[in-house]
Amino acid sequence: MSFSNKYLIVVAGPTSAGKTEIAIQIARHFKTEIINADSRQFYKEMSIGTAKPDLEERTAAPHHFVDNLSIHQAYSVGDFEKDGLEKLDQLFQNHQIVVMSGGSGLYIKAICEGLDKFPDVPIAYREKWDAIFKEKGIDFLQEQLKILDPEYYEEVDLNNPVRLIRALSVSDFSGQAYSSFKSKETAKRPFEIIQILLEWPREVLYERINKKVDWMIKEGLEEEVKRLHPYKDLQALQTVAYSEFFEYFEGKYGLEETIEKIKMNSRRFAKRQMTWFRKNGDWKVFGPEERSGIISWLEARLNSQPNK
């Protein structure tokens, strides 16, 4: 199969949607490799709580940006845009098709469209909201964001104080909603992009999420988070399944309540992920009954393009 262009096939969807399985199927069919766009799977120390591809899955199709960082390393979405584009340039030297898979919408957007341009906020504003967070907690930040920027409130990971503090700092400094700075311009890329979004009926997805959390507990999530507890303030660890166990270790909740909170927050996160994807990107949506046809659809889509 030979095309006049290079193609990046993006497989996205909420947590527990089955992205890894589909991405591997596509990569094996086209004999290519996978760029991971789940930002928490970058970190070597976080495995069970991020449900990263296991050794068998990574053997089935080469994965990049999995276990490539330590939680102690600072790494931004801007860093990922730079590194991801460099890796794609390398991969496209040997492949006409590359797959990208993940649920971190902003990281996918960075590769496909480029990042939005936000004002340079003086550090004093960040320090102000960081102090408010330490004094009043994450619930207060969530309430303030809902007032100042209800649009971004529906999209952001509400359990990530770093994201909340950044949005509130921008709004506080500029007097405008954080979401108002989102660019309408798309960066030009030297490859074509095909976007696939995996959806499930809500109740089915929520049941899949609940079972995934049960699997994590069985696999030893509590022990994994316990090892990371001394570093609980690091940005990489401000995420679902880790934050709840940190509170458990500090005596705020019992074990059963902690597990239920992880399930609840995972379901809420999935809802925000879908809200973000529906508003961003040009997606071909596949429900569970249509997934067996993804490869055929891709073949038809690619074969409709002019060959060399």
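Now for a look at the structure at hand. Bear in mind the structure is a predicted one, so any value in this text is a computation, not a measurement.

About the criteria used
Residues numbered from 1 in each chain as written. Predicted model: local features only at pLDDT ≥ 70, side-chain atom pairs only at ≥ 80, totals over all residues. Heavy atoms only, no water. Helix = DSSP H or I, 4+ residues; strand = E, 2+ residues; numbered from the N terminus. Rg over C-alpha atoms; globule rule 2.2 N^0.38 Å. Contact = heavy atoms within 4.5 Å. Areas by Shrake-Rupley, 256 points an atom, 1.4 Å probe, with all protein chains shown as cover. Lys, Arg positive; Asp, Glu negative; His and termini not counted. Charge placed at Lys NZ, Arg CZ, Asp CG, Glu CD. Buried < 20%, exposed > 50% of the residue type's maximum accessible area, 1.4 Å probe, protein only. Core = buried A, V, L, I, M, F, W, Y, C linked by side-chain atoms within 4.5 Å. Axes fitted to C-alpha atoms, helices over the stretch in contact; angles between N-to-C directions. Parallel < 35°, antiparallel > 145°, perpendicular 65-115°, else oblique. Left-handed = near helix turned anticlockwise from the far one by under 90°. Nonpolar A, V, L, I, M, F, W, Y, C, P; charged D, E, K, R; others polar. Pairing = 2+ DSSP bridges. Salt bridge = Lys/Arg side-chain N within 4 Å of Asp/Glu carboxyl O. Phe/Tyr/Trp six-rings, centres within 6.5 Å; stacked < 30°, edge-to-face > 60°. Lys NZ or Arg CZ within 6 Å of the ring centre and 35° of its normal.

1. Concerning the overall build of the chain
Then step 1. For the chain, the count of helices and strands is 13 helices and six strands.
Then step 2. In terms of overall dimensions, the chain is globule-like: its C-alpha atoms have a radius of gyration of 20 Å, near the 19 Å expected for 308 residues.
Then step 3. When its C-alpha atoms are laid out on the principal axes, the chain stretches across 60 × 45 × 35 Å.
Then step 4. For the chain, restricting intrachain contacts to residue pairs at least 6 apart in sequence, the fraction spanning at least 24 positions comes to 77%.
Then step 5. As presented, the chain carries roughly 15300 Å² of accessible surface, and 48% of it is formed by carbon and sulfur atoms.
Then step 6. The chain carries 44 positive and 48 negative side-chain charges, and their two centres are separated by 2 Å.

2. Focus: the side chain of T32
Then step 1. Turning to its location among the elements, T32 is positioned in the loop between α1 (19-29) and β2 (34-36).
Then step 2. Judged by its relative accessible area of 5%, T32 is buried.

3. Some thoughts on the nonpolar core
Then step 1. One finds L8, F80, M100 and I108 to be the most contacted residues of the largest nonpolar core, which totals 45 residues.
Then step 2. Every element with two or more residues in this core is listed here: β1 (7-12), α3 (77-91), β4 (97-102), α4 (105-112), α9 (202-219), α10 (221-228), α11 (243-249) and α12 (255-279).
Then step 3. Beyond its immediate chain neighbours, meaning those up to four positions away, I108 contacts V10, A12, A37, M100, G102, F277 and W283.
Then step 4. In this structure, A27, A61, I196 and I294 belong to the second largest nonpolar core, which totals 22 residues.

4. Considerations on the packing of helix α5 (residues 123-136) against helix α8 (residues 161-174)
Then step 1. At a minimum axis distance of 9 Å, the contact between α5 and α8 shows a crossing angle of 130 degrees. Here α5 lies oblique to α8, going by the angle between them. Seen along the crossing, α5 lies across α8 with a hand that is right-handed. Listed contacts from α8 to Y125, R126, K128, W129, D130 and F133 of α5 are P161, I165, R166, L168, S169, D172 and F173.
Then step 2. Looking at the contact of α5 with α8, its residues break down into seven nonpolar, one polar and five charged.

5. Topic: the pairing of strand β5 (residues 192-198)
Then step 1. Where burial is concerned, most of β5 is hidden: five out of the seven residues are buried.
Then step 2. Pairing of β1 with β5, which is carried by six bridges, proceeds in the parallel orientation. Bridge pairing links V10 to Q195 in β5.
Then step 3. As paired strands, β5 and strand β6 (residues 283-286) are joined by four bridges and run parallel to one another. Across the sheet, L197 pairs through a bridge with V285, a residue of β6.

6. What about unusual backbone geometry?
Then step 1. In this structure, S16 takes a positive phi of about 75 degrees despite not being glycine.
Then step 2. Structurally, S16 is set in the loop between β1 and α1.

7. A closer look at the pattern of salt bridges
Then step 1. This structure, assessed with the given rule, holds 14 salt bridges.
Then step 2. The salt bridge partner of K128 is D172, with a shortest N-O separation of 2.7 Å. Taken together, the residues K128 in helix α5 and D172 in helix α8 connect sequence positions 44 residues apart.
Then step 3. Taking the relative accessible area as the measure of exposure, K128 reaches 40% and is therefore partly exposed.

8. Comments concerning the packing of aromatic side chains
Then step 1. Per the stated rule, a full pass over the model turns up 18 aromatic pairs.
Then step 2. A ring pair is formed by F277 and W283, whose centres lie 5.4 Å apart and whose planes are at 85 degrees; its orientation type is edge-to-face. Accessibility assignment for this pair places F277 and W283 in one class, buried.
Then step 3. Through a chain of ring-to-ring contacts, three or more aromatic side chains come together here, namely F42, Y43, F65, Y75, F80 and Y107.
Then step 4. The cationic tip of R166 hangs over the ring face of F118; the distance from NZ or CZ to the ring centre is 4.9 Å.

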